[in-house]
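This is what each chain is made of:
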Amino acid sequence: MKVVVVGTGYVGLVTGACLADVGVDVCCIDIDEHKIEGLKQGILPIYEPGLEEIVVRNYKKKRLTFSTSLTENLKDVEAVFIAVGTPSTEDGSADMQYVIDVACEIGRHMQDYLVVVTKSTVPVGSSEIIRKTISTALQKRNVDIAFDMASNPEFLKEGAAIKDFMSPDRIVIGVDSDKAKEIMDTLYKPFLLNGYRIIYMDIPSAEMTKYAANAMLATRISFMNDIAVLCELTGANINHVRNGIGSDPRIGKKFLYAGTGYGGSCFPKDVKALIKMGMENNHRLRILEAVENINDEQKKILFAKINKYFDGNLAGKTIAVWGLAFKPNTDDVRFAPALVLSDALLKAGAHVRVFDPVAMEEAKKHLHDTVTWCNDVYETVENADAIALVTEWNEFRLPDWSRIKSLMKGNAIFDGRNIYDDVMLHKAGFDYFGIGI
Ligand SMILES: NC(=O)C1=CN([C@@H]2O[C@H](COP(=O)(O)OP(=O)(O)OC[C@H]3O[C@@H](n4cnc5c(N)ncnc54)[C@H](O)[C@@H]3O)[C@@H](O)[C@H]2O)C=CC1
Ligand SMILES: O=C(O)[C@H]1O[C@H](OP(=O)(O)OP(=O)(O)OC[C@H]2O[C@@H](n3ccc(=O)[nH]c3=O)[C@H](O)[C@@H]2O)[C@H](O)[C@@H](O)[C@@H]1O
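Rules and cut-offs
- Residues numbered from 1 in each chain as written.
- Chains lettered and ligands numbered in written order.
- Predicted model: local features only at pLDDT ≥ 70, side-chain atom pairs only at ≥ 80, totals over all residues.
- Heavy atoms only, no water.
- Domains from an automatic or database assignment.
- Contact = heavy atoms within 4.5 Å.
- Buried area = accessible area lost by both parts, 1.4 Å probe.
- Salt bridge = Lys/Arg side-chain N within 4 Å of Asp/Glu carboxyl O.
- UniProt positions renumbered as here; feature names shortened; annotations may be inferred.
- Helix = DSSP H or I, 4+ residues; strand = E, 2+ residues; numbered from the N terminus.
- Polar contact = N/O pair within 3.5 Å; in protein donor to acceptor, adjacent residues only side chain to side chain.
- Buried < 20%, exposed > 50% of the residue type's maximum accessible area, 1.4 Å probe, protein only.
- Expected span 1.5 Å × (residues − 1).
- Arc of directions from axis to C-beta.
- Phe/Tyr/Trp six-rings, centres within 6.5 Å; stacked < 30°, edge-to-face > 60°.
- Core = buried A, V, L, I, M, F, W, Y, C linked by side-chain atoms within 4.5 Å.
- Near = heavy atom within 4 Å.
- Areas by Shrake-Rupley, 256 points an atom, 1.4 Å probe, with all protein chains shown as cover.
- Nonpolar A, V, L, I, M, F, W, Y, C, P; charged D, E, K, R; others polar.
- Pairing = 2+ DSSP bridges.
- Right-handed = clockwise from strand over helix to strand, strands pointing away.

1. Thoughts on the domain arrangement of the chain
Okay, so step 1: On domain assignment, one finds that the chain holds domain 1 (2-201), domain 2 (211-298) and domain 3 (301-433).
Okay, so step 2: Taken together, the contact pairs 14 residues of domain 2 with 12 residues of domain 3.
Okay, so step 3: Looking at the side of domain 2 facing domain 3, the largest losses of area belong to Thr260, Gly264 and Ser265, adding up to 43% of the total buried there.
Okay, so step 4: In this assembly, domain 2 and domain 3 are joined by one salt bridge.
Okay, so step 5: For the salt bridge of Glu232 with Lys305, the shortest nitrogen-to-oxygen distance reads 2.6 Å.

2. Brief notes about the UniProt feature "active site" (unreviewed entry) in the chain
Okay, so step 1: Those residues carrying the UniProt feature "active site" (unreviewed entry) are Cys266 in this numbering.
Okay, so step 2: Checked against the element boundaries, Cys266 lands in the loop between α9 (238-246) and α10 (267-280).
Okay, so step 3: In this structure Cys266 touches Asn214 and Val271, once residues within four positions along its chain are discounted.

3. A few points about the side chain of Arg131
Okay, so step 1: Locating Arg131 in the fold gives a position in helix α5 (residues 126-141).
Okay, so step 2: Within the structure, the side chain of Arg131 is placed 3.2 Å from the side chain of Glu128, a separation counted as a polar contact.
Okay, so step 3: Contacts of Arg131, omitting those with residues within four sequence positions, involve Phe147, Met149, Asp176 and Ile203.

4. A closer look at the pattern of salt bridges
Side-chain pairs of opposite charge can arise whenever the charged atoms involved come near each other.
Okay, so step 1: By the definition in use, this model includes 22 salt bridges.
Okay, so step 2: Between Arg108 and Glu105 there is a salt bridge, with its nearest N and O atoms 3.5 Å apart. On the criterion of helical spacing, the pair formed by Arg108 and Glu105 is a turn pair, its members being three residues apart in helix α4 (residues 97-109).
Okay, so step 3: Since its relative accessible area comes to 46%, Arg108 is described here as partly exposed.

5. Describing α4
Okay, so step 1: The end-to-end C-alpha distance of α4, which contains 13 residues, comes to 19 Å, matching closely the 18 Å that a straight helix rising 1.5 Å per residue would cover.
Okay, so step 2: Those residues of α4 that fall on the buried side of the exposure criterion are Val99, Ile100, Val102, Ala103, Ile106 and Gly107. The buried residues of α4 occupy one face: seen down the axis, they fall within an arc of 160 degrees.
Okay, so step 3: The elements touched by buried residues of α4 are β1 (2-6), β4 (79-82), β5 (114-118) and α5.

6. Overview of the packing of aromatic side chains
Okay, so step 1: All chains considered together, the criterion is met by 15 aromatic pairs.
Okay, so step 2: Relative to Tyr420, the ring of Trp401 has its centre 5.0 Å away and its plane inclined at 85 degrees; by these criteria the two rings are edge-to-face. One end of the pair, Trp401, is in helix α16 (residues 401-407); the other, Tyr420, is in the loop between β13 (412-415) and α17 (422-427), and 19 residues separate them in sequence.
Okay, so step 3: Overall, the relative accessible area of 9% leaves Tyr420 in the buried class.

7. A look at the environment of Asp385
Okay, so step 1: Position of Asp385 among the secondary structure elements: in the loop between α15 (377-380) and β12 (386-389).
Okay, so step 2: For the pair Asp385 and Ala94, spaced 291 residues apart in sequence, the C-alpha separation works out to 42 Å.

8. A few points about the nonpolar core
Okay, so step 1: In terms of nonpolar packing, the biggest core is built from 57 residues, with Trp322 and Leu345 touching the most fellow members.
Okay, so step 2: If one sorts the elements of this core by residue count, helix α13 (residues 337-347) sits on top with five residues.
Okay, so step 3: Once residues lying within four places of it in the same chain are set aside, the contact partners of Leu345 are Phe303, Ile306, Leu314, Ile319, Val321, Ala350 and Val352.
Okay, so step 4: Of all hydrophobic cores here, the second largest spans 43 residues; its members include Leu19, Leu51, Ala150 and Leu187.

9. Things to note about the site of ligand 2
Okay, so step 1: Every one of the 19 residues lining ligand 2 counts as a neighbour, but Phe155, Leu156, Lys210, Asn214 and Cys266 are closest to it.
Okay, so step 2: Here an oxygen atom of ligand 2 sits 2.8 Å away from a polar atom, N or O, in the main chain of Glu158.
Okay, so step 3: The contact in question runs from an oxygen atom of ligand 2 to an N or O atom on the backbone of Tyr257, over 2.8 Å.
Okay, so step 4: Considered on its own, ligand 2 offers 700 Å² of accessible surface; in the complex 90% of this is hidden by protein.
Okay, so step 5: It is helix α8 (residues 203-234) that provides the largest number of residues to the shell around ligand 2, a total of four residues.
Okay, so step 6: Looking at the shell around ligand 2 residue by residue, the classes come out as 11 nonpolar, two polar and six charged.

10. Quick word on the UniProt feature "binding site: NAD(+)" (unreviewed entry) in the chain
Okay, so step 1: Sites flagged by UniProt as "binding site: NAD(+)" (unreviewed entry) map to Asp30, Lys35, Thr86, Thr121, Glu158, Lys269 and Arg334. Taken along the chain, the residues just named run across 305 residues; in space they spread out, the farthest C-alpha pair reaching 24.0 Å.
Okay, so step 2: Within the secondary structure layout, Lys35 lies in helix α2 (residues 33-40).
Okay, so step 3: Taking relative accessible area as the criterion, Lys35 reaches 23% and is therefore assigned partly exposed.
Okay, so step 4: In this structure, Lys35 is in contact with Thr8, Gly9, Asp30 and Pro45, ignoring residues within four places of it in sequence.
Okay, so step 5: As for its placement among the helices and strands, Glu158 is situated in the loop between β6 (147-151) and α6 (161-166).
Okay, so step 6: Leave out the neighbours within four places in its chain, and Glu158 touches Tyr10, Glu48, Ser265, Phe326, Lys327, Thr330, Asp332 and Arg334.

11. Some remarks on the pairing of β1
Moving residue by residue along a regular strand, the side chains alternate between the two faces of the sheet.
Okay, so step 1: Of all five residues in β1, four are buried; the element is thus mostly enclosed.
Okay, so step 2: Relative to strand β2 (residues 25-29), β1 is paired through five bridges, and the arrangement is parallel. If you follow Val5 over to β2, its bridge partner there is Cys28.
Okay, so step 3: In the classification by handedness, the crossover that spans β1, the intervening helix α1 (residues 10-21) and the parallel β2 is right-handed.
Okay, so step 4: Where β1 meets β4, four bridges bridge the pair, whose relative direction is parallel. Residue Val3 lies in a different strand from β4, and its bridge partner there is Ala79.

Below you can see the structure in the form of structure tokens.
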């Protein structure tokens, strides 16, 4: 079986590599020549645990190939997965331009029947727009080639993408033809051996399912961040509250962690796009408006705590920032809370010393040059007045606190992810501040 995946980013590369790993003949396409050249040499454009091994193994076996040309790779293909970006436009809606470009290209060059699978996160109705775009291109060529659409939104998490793709909780597929269903069934059967389920539905429902899933998860996070603020004001502890409510199976334990706000390339943009979709349909999604507002506030919370601790006078203070990626196990810094914090600290006149185990190179593209880039946690804390833990990488969990204390000028720790034991740190002589505790 032969498929093409267009867009070789976090989703496209994982999709292509995992399909190749179960025996499918996959060609991954990207317009970024540098990315494609690197991949041919085994250099991955992203950090994702376990991905390199799968990419290299399948490239060597020639089941996985890379190209910048979709045109030359559409022959004998049964499905084309569209996995290009759909970032926010200025008004918050999803930018469909990259997806439409790919649709035009497919219409201009497809030879035989194939299924066009939308894997990018796209607003409801997009598959119809893609279908029309392809049909128009076929009409211009004066050819009559049949094709079907499928919506197959992706639910993987960065940092756990391989496991999420290989053993998914569920695979959602929207189709409106038996032929497309048959092809999607064949492609995904290898991932269903342990009883994992494909949920079939109509195409608009599949498109909406993706947004609703991300919006629900973002809502849980903003809800907990809001309760965390109230915990601090009333003397409760959000960690106990989380344990208390998470034990109710109707609520569940996951995605209840208060922190510095959700970041990443998806929750922020997908919440925005869903709000916009609501407005376009004369329906205000008031819960999501609150979710977004709370998140914007939460991203400022560590700065507010640090600023208060130093009585509003951060000029000349040195702050060590631990973690730059929007979450652990990724180098992705898109909409990362650490960038918001670092910028605010710099603006207030503080010296900012930063370290992240893998996201330093990515962060350099976004962060002001005046931060000091350090090689490890110990270097960041040299003469620091305070530490701000923003990303809960494993290696930040149990550092040598006495060494850290001896290297620091001050003794304040601001724990943006509630990973430290406050009692232990107080005993070790630190002033400790968490979120909602
Ligand atoms: N990052 C994630 O964890 C997840 C992302 N998604 C969705 O998947 C989509 C892709 O997201 P990412 O993989 O993060 O994006 P990304 O930005 O990492 O990768 C997109 C790739 O598409 C390429 N591209 C753009 N236009 C192209 C064209 N015309 N032809 C060929 N390649 C083209 C870009 O050069 C880039 O390499 C988005 O809609 C996103 O919302 C869904 C689930 C998870
Ligand atoms: O559409 C997408 O791109 C993906 O978005 C999220 O995945 P991802 O953004 O990679 O990472 P998450 O683990 O969901 O974390 C997102 C943000 O929420 C924060 N978070 C997460 C969980 C929590 O309890 N509290 C919390 O603040 C994280 O720190 C991070 O900043 C979803 O979890 C995926 O299912 C989805 O496919």
